[in-house]
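# A closer look at the structure
Letter by letter, the chains look like this.
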Amino acid sequence: MDSSEFRRCGKEVVDAIADYYENLDNIAPLSTVDPSYLYKILPNEAPEDPESFDAIQADIETKIMPGMTHWQSGNFFGWFPCSSSFPAILGDMYSSMFNIVGFSWICSPAATELETVVMDWLGKLVGLDKRYMSIKDDGTEGTGGGVIQGAASEAYIVVMIAGREMAVERLKAQGLSEDDVNKMRHKFVAYFSDQTHSAGQKSANIIGCIARIVPTGDDLRLTKQALQAAIAADKTAGLIPFFVCGTFGTTNTTAIDDLPGIADVAESEQLWNHVDAAYAGAALVCPEFRPLAAGIERADSFDFNVHKWMLTNLNCSALWVADSKHLENALSIHREYLPPVVVSTSFAKNYRDWQLPLGRRFRALKLWFVMRMYGASGIRAHIRKHVRQAKWLEEQLLADGRFEIMAPVVFGLVVFRLKSSAIAKSDTDVDLETINKANTDLVAQCNAGGRLFMHSTQLKGVVAVRIAIGSTFCTQKHVDLVLDVIKESATKVIADL
Ligand SMILES: *Cc1c(COP(=O)(O)O)cnc(C)c1O
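Residues numbered from 1 in each chain as written. Predicted model: local features only at pLDDT ≥ 70, side-chain atom pairs only at ≥ 80, totals over all residues. Heavy atoms only, no water.

### Details of the site of the ligand
Residues in contact with the ligand, as listed here, are F80, A151, A152, S153, H197, G249, T251, D276, A278, N305, H307 and K308. Between the ligand and S153 there is a distance of 2.4 Å, counted from an oxygen atom to a side-chain nitrogen or oxygen. At 2.9 Å, a side-chain N or O of K308 approaches an oxygen atom of the ligand. Contact with the protein chains covers 85% of the free accessible surface of the ligand, which is 390 Å². Listed by contribution, the elements that provide at least two residues to the shell around the ligand are α6 (152-173) and α11 (306-309). In terms of residue class, the shell around the ligand is made up of four nonpolar, six polar and two charged. (Near = heavy atom within 4 Å. Polar contact = N/O pair within 3.5 Å; in protein donor to acceptor, adjacent residues only side chain to side chain. Areas by Shrake-Rupley, 256 points an atom, 1.4 Å probe, with all protein chains shown as cover. Helix = DSSP H or I, 4+ residues; strand = E, 2+ residues; numbered from the N terminus. Nonpolar A, V, L, I, M, F, W, Y, C, P; charged D, E, K, R; others polar.)

As structure tokens, then:
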């Protein structure tokens, strides 16, 4: 393909993208193909001779499209959103154009420096404490800073390793030898709650420490008391607490852990304190949500997925640390084939030391496009629209009388279920199994027509329906539809019981 052919095909692709977004409402959001559908229709080997762009383009329509689940659909309410935008796509096109591997500053000074600048911009936009900024207000170097990770899970592993090495340094400072400390590594414990995303457990598995899953109460929040109790028991057993993660907006219900209480414990026990705000962090662009996030200013690290609810295409997980020397201490390894570390300042970082892989895309570009083309006001309007839609849906479900809301609606997530009085045939209480089945059936019935897609969850054994509003293209029309479908489906499920 030469550049003139690229011009022709590229314009076709841009048209196809625009057509796709314009027609999303006419496609069922959830794919209904059977496993191995694609294997059956594709050749078993790559082509020996070149094929034309037009042939591949045709296959996108006929072979790929049926196997797509359409996360950008306004009718997609299944998991947390993955909100894309045209500005982000444009920025990403430039990233593909440069296709650099930006592990050190010199690999592309603009890529590194733009990331530092936009991460400070974004940090200020969500009201983060000054400790997390690369560059202080007076223009001098800060100790903190932001970095774009691929995913919240990746950020989790990175900070867990940094926290572990911080604990190792502390043990060495107490006079223990490297050997002694190595023999103690299996005693290290990371703390999080039974509502923490699976990324917590996965990170502990990967780094090889103990994952202590602290039980939550009925409000599904990690409390200071529960954390203290777990730590006390572990210390008595000779284990070494080193890390805690509180969540700002859990995946199940968007519950917010007792972040100030967790910070108290982290400070007294010298734990690395990470705050996972993968979904709800985006809401902090709106000042009205910031009181809910008290405590974040005392953590060691904070991460949110810009690619979830802030109009920036995957992957873009924004991680900030208050003191970047811990990352470098844990992850910086020099080899002769790498550029010498001539500069590593807040202004000119070697981001390879802030992440797991060496190589990295120029991801700051799409974020720069989004922040400039929406402006802070546009991003706030985007968040507030979804929060309003979620509150509206909550009100309508309550007004119907057959549903109960299972967790406070704070952001764009509505968690509810058909309540027992709505499915009871007589005055006798309905058992949990029956209510659970009715709600599982409700989700299946809602999804059956292919008009929209939602998903269920379980809150300590209780089945609940989860409606996550947040697609860039979700308008009131889509939320009207979701309400209609829920009501109709509930009537059918109750009649069929
Ligand atoms: C979605 C989510 C994650 C995982 O995000 P990835 O970027 O896919 O790793 C972690 N924590 C919370 C609270 C989430 O909602």
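Still more ground to cover, so stick around.
### Focus on the environment of E433
Relative to the elements of secondary structure, E433 occurs in helix α15 (residues 432-448). A residue is classified by how much of its surface remains accessible, and E433, at 66% relative accessible area, is exposed. Residues E433 and T140 lie 293 residues apart in sequence; the distance between their C-alpha atoms is 61 Å. (Buried < 20%, exposed > 50% of the residue type's maximum accessible area, 1.4 Å probe, protein only.)

### Notes on the side chain of S85
Turning to its location among the elements, S85 is positioned in the loop between α3 (53-64) and α4 (86-98). Judged by relative accessible area, which is 3%, S85 ranks as buried. Side-chain polar atoms of S85 contact the backbone oxygen of L311, separated by 2.6 Å.

### Here we look at the pairing of strand β3 (residues 210-214)
Of the pairings in the sheet, the one linking strand β2 (residues 188-193) to β3 comprises five bridges and is parallel in character. Bridging across to β3, S193 finds its partner in V214. At this point the chain moves from β2, through helix α8 (residues 198-207), to the parallel β3, and the crossover so formed is right-handed. (Pairing = 2+ DSSP bridges. Right-handed = clockwise from strand over helix to strand, strands pointing away.)

### Details of helix α10 (residues 259-269)
Listed in full, the buried residues belonging to α10 are L259, G261, I262, A263, V265 and A266. For α10, the N-terminal capping position is held by D258, with its side-chain oxygen 2.9 Å away from the main-chain nitrogen of G261. Immediately beyond the C-terminal end of α10, within one or two residues, lies Q270, with a positive phi of roughly 55°.

### Quick look at the nonpolar core
Among the nonpolar cores identified, the biggest contains 71 residues, and L122, F248, F302, F304 and L367 are the most heavily contacted of them. Of the residues forming this core, the biggest block, nine residues, is contributed by helix α13 (residues 364-400). Both domains that meet at this core, namely domain 1 (1-30 + 69-83 + 380-497) and domain 3 (101-360), each give it at least three residues. Among all residues touching F302, those that are not within four sequence positions of it are L128, Y132, H274, V275, A277, G281, L284, I296, A318, L319 and W320. The next biggest cluster of nonpolar side chains, apart from the first, holds 33 residues, and it includes A155, L171, L319 and L327. (Core = buried A, V, L, I, M, F, W, Y, C linked by side-chain atoms within 4.5 Å. Domains from an automatic or database assignment. Contact = heavy atoms within 4.5 Å.)

### A look at a nonpolar patch on the surface
A contiguous nonpolar surface patch, about 360 Å² in accessible area, is contributed by V14, L90, M93 and M373. In this structure, M93 sits in helix α4. (Patch = residues over 30% accessible without salt bridge, like charges linked within 9 Å, V, L, I, M, F, W, Y side chains within 5 Å. Salt bridge = Lys/Arg side-chain N within 4 Å of Asp/Glu carboxyl O.)

### Things to note about the domain arrangement of the protein
Here the protein is partitioned into domain 1 (1-30 + 69-83 + 380-497), domain 2 (38-64) and domain 3 (101-360). The centre of domain 1, based on its C-alpha atoms, is set 31 Å off from the matching centre of domain 3. Contact residues are listed per partner, giving 25 residues for domain 1 and 30 residues for domain 3. Both sides together, the interface formed by domain 1 and domain 3 hides about 2,200 Å², and carbon and sulfur atoms give 64% of it. Of all residues in domain 1, F80, I383 and F411 give up the largest surface area on contact with domain 3, accounting jointly for 32% of the area buried on that side. Linking domain 1 with domain 3 are two salt bridges, by the criterion used here. The tally of links between domain 1 and domain 3 comes to 15 residue pairs in polar contact (both at pLDDT 80 or more). Within the residue set of the side of domain 1 that touches domain 3, elements represented by two or more residues are α13, β9 (413-418) and β10 (455-459). (Buried area = accessible area lost by both parts, 1.4 Å probe.)

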